[in-house]
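Residue-level structural notes
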Amino acid sequence: MTAEIAIMNKKAIALAADSAVTIGDRNKFYNTAKKLFRLSKYEPLGIMIYNNAEFMGIPWEIIIKDYKIKLGEIKKDCLIEYGEDFIRRLKDNIYKFEKYEKKYYLQMIIPLIKEISSKIEKDYFEKVEGLERPLEESELKSISNKVIDLYYEKIDKAKTLDEAPKDLSVLIGNSYNDLCEKYIDEYLGKDCMDEIHLKK
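Definitions and limits used
Residues numbered from 1 in each chain as written. Predicted model: local features only at pLDDT ≥ 70, side-chain atom pairs only at ≥ 80, totals over all residues. Heavy atoms only, no water. Helix = DSSP H or I, 4+ residues; strand = E, 2+ residues; numbered from the N terminus. Rg over C-alpha atoms; globule rule 2.2 N^0.38 Å. Buried < 20%, exposed > 50% of the residue type's maximum accessible area, 1.4 Å probe, protein only. Contact = heavy atoms within 4.5 Å. Areas by Shrake-Rupley, 256 points an atom, 1.4 Å probe, with all protein chains shown as cover. Lys, Arg positive; Asp, Glu negative; His and termini not counted. Charge placed at Lys NZ, Arg CZ, Asp CG, Glu CD. Salt bridge = Lys/Arg side-chain N within 4 Å of Asp/Glu carboxyl O. Phe/Tyr/Trp six-rings, centres within 6.5 Å; stacked < 30°, edge-to-face > 60°. Lys NZ or Arg CZ within 6 Å of the ring centre and 35° of its normal. Axes fitted to C-alpha atoms, helices over the stretch in contact; angles between N-to-C directions. Left-handed = near helix turned anticlockwise from the far one by under 90°. Nonpolar A, V, L, I, M, F, W, Y, C, P; charged D, E, K, R; others polar. Expected span 1.5 Å × (residues − 1). Arc of directions from axis to C-beta.

Quick notes on the overall build of the protein
Assigned secondary structure in the protein consists of six helices and eight strands. When its helices and strands are written in sequence order, the protein yields β-β-β-β-β-β-β-β-α-α-α-α-α-α. For 200 residues, the compact-globule estimate of 2.2 N^0.38 gives 16 Å, and the C-alpha radius of gyration of the protein, at 23 Å, exceeds that figure by more than 25%. Each of the three principal axes of the protein carries a C-alpha extent, and together these read 75 × 35 × 25 Å. A burial count over the protein gives 30% of its 200 residues as buried. For the protein, the proportion of contacts with a sequence separation of at least 24, taken over those separated by at least 6, is 56%. Total accessible area computed for the protein in this model is approximately 14,700 Å², and 55% of it derives from carbon and sulfur atoms. With 35 positive and 37 negative side-chain charges, the protein shows a separation of 8 Å between the mean positions of the two kinds.

Right, here's the structure in full:
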C-alpha cells in the first residue's frame, strides 16, 4: 500500500511519499524504495510512483532518470505537457518492453488461474460435504463452469483503459493462448471444464 501526499498553496507545492514498494512478482515487498523523483534538472518538477517499482520489468527509477537526461534544458509551457511527453516516450517503446512482456503476462495470469482453482476447490468441498459419494464428472464440470462464468463476467465488464489499443486482447490472445492453456492445465486441469469454458 502506498501513501503519497501533495500539499499546495498559491506559491508552492510539497510532495511526500512512503518507502514501501512491490518489486517483480507481487509477493516481494521492500520498505526502502524511492518513490519521489525530480523530473527536470532545470525546472521544479516532481514525479511520484506507486504500487510496483517496475514497469514491464524495468525499474521506474531508470525510466524517470533517462527521461530527465533526454529532457535536459527543454522547458514546456504547461505542467501537463511534461506528463504527456513522458507517457508518449513510454508508448514509443524505446525500452523494448517486448523482452519483458512474457514475464509480466505470467505474473498477472498465474495468480488469477490459482485464484480460480482455489474457488473451484472451495465450491467443490462445499457441495460434497454431507454427501456420501464423490461428485460425478458432470457435477464437477458444472461447479467449474459456474466459477469460470463468474470470473469471465467480472473481466468482461471491466473498464478498458482509454489508452489501450482496441485490438489489445486479440494481440495478447494470439501471443499467449497456448501458454495460458498450459497453466490452466497445470493448475486446474482442462478435464474439469467443457471446451466453451476453457476458451473463456
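Some remarks on the pattern of salt bridges
Applying the stated criterion across every chain yields a total of 14 salt bridges. A salt bridge links Asp18 to Lys35; the nearest nitrogen and oxygen atoms lie 2.7 Å apart. Linking Asp18 in the loop between strand S2 (13–17) and strand S3 (21–22) with Lys35 in the loop between strand S4 (29–30) and strand S5 (36–38), this pair joins segments that are 17 residues apart in sequence. One network of salt bridges, with partners in common, ties together Asp66, Lys70 and Arg89.

Considering the packing of aromatic side chains
In the structure shown here, the tally under the stated rule is six aromatic pairs. Ring centres of Tyr67 and Phe86 lie 5.3 Å apart, and the angle between their planes is 85 degrees; this geometry places the pair in the edge-to-face category. Highlighted residues: Tyr67 in helix H1 (residues 60–71) and Phe86 in helix H2 (residues 79–91), separated in sequence by 19 residues. Both residues of the pair, Tyr67 and Phe86, belong to the buried class. The ring of Tyr151 carries the charged tip of Lys154 above its face, separated from the ring centre by 5.3 Å. Here Lys200 stacks its cationic end above the ring of Tyr152, 5.1 Å away from the centre of that ring.

Considerations on the packing of H1 against H2
Between H1 and H2, the shortest axis-to-axis distance is 11 Å and the interhelical angle comes to 115 degrees. Note that H1 runs across H2; the crossing there is right-handed. On the side of H1, the interface is formed by Trp60, Ile63, Ile64, Asp66, Tyr67, Lys70 and Leu71, while H2 contributes Tyr82, Asp85, Phe86, Arg89 and Leu90. Taken together, the residues that form the contact of H1 with H2 break down as eight nonpolar, no polar and four charged.

Let's talk about helix H4 (residues 137–157)
The first and last C-alpha atoms of H4 sit 30 Å apart over 21 residues, in line with the 30 Å expected at 1.5 Å per residue. Looking at H4, one finds that the buried residues are Ile143, Ser144, Asn145, Val147, Ile148 and Tyr151. Each element contacted by the buried residues of H4 is listed here: helix H3 (98–128) and helix H6 (195–199).

Notes on H2
Between its terminal C-alpha atoms H2 stretches 19 Å, which fits the 18 Å expected from 13 residues at 1.5 Å a residue. Looking only at H2, the buried set comprises Tyr82, Asp85, Phe86, Arg89 and Leu90. For H2, the arc enclosing every buried residue in end-on projection is 145 degrees, short of the 170-degree limit, so these residues lie on one face. In this structure, H2 carries Ile80 and Lys91 as exposed residues pointing more than 90 degrees from its buried face. Trailing H2 by a residue or two, Asn93 shows a phi angle of about 60 degrees, which is positive.

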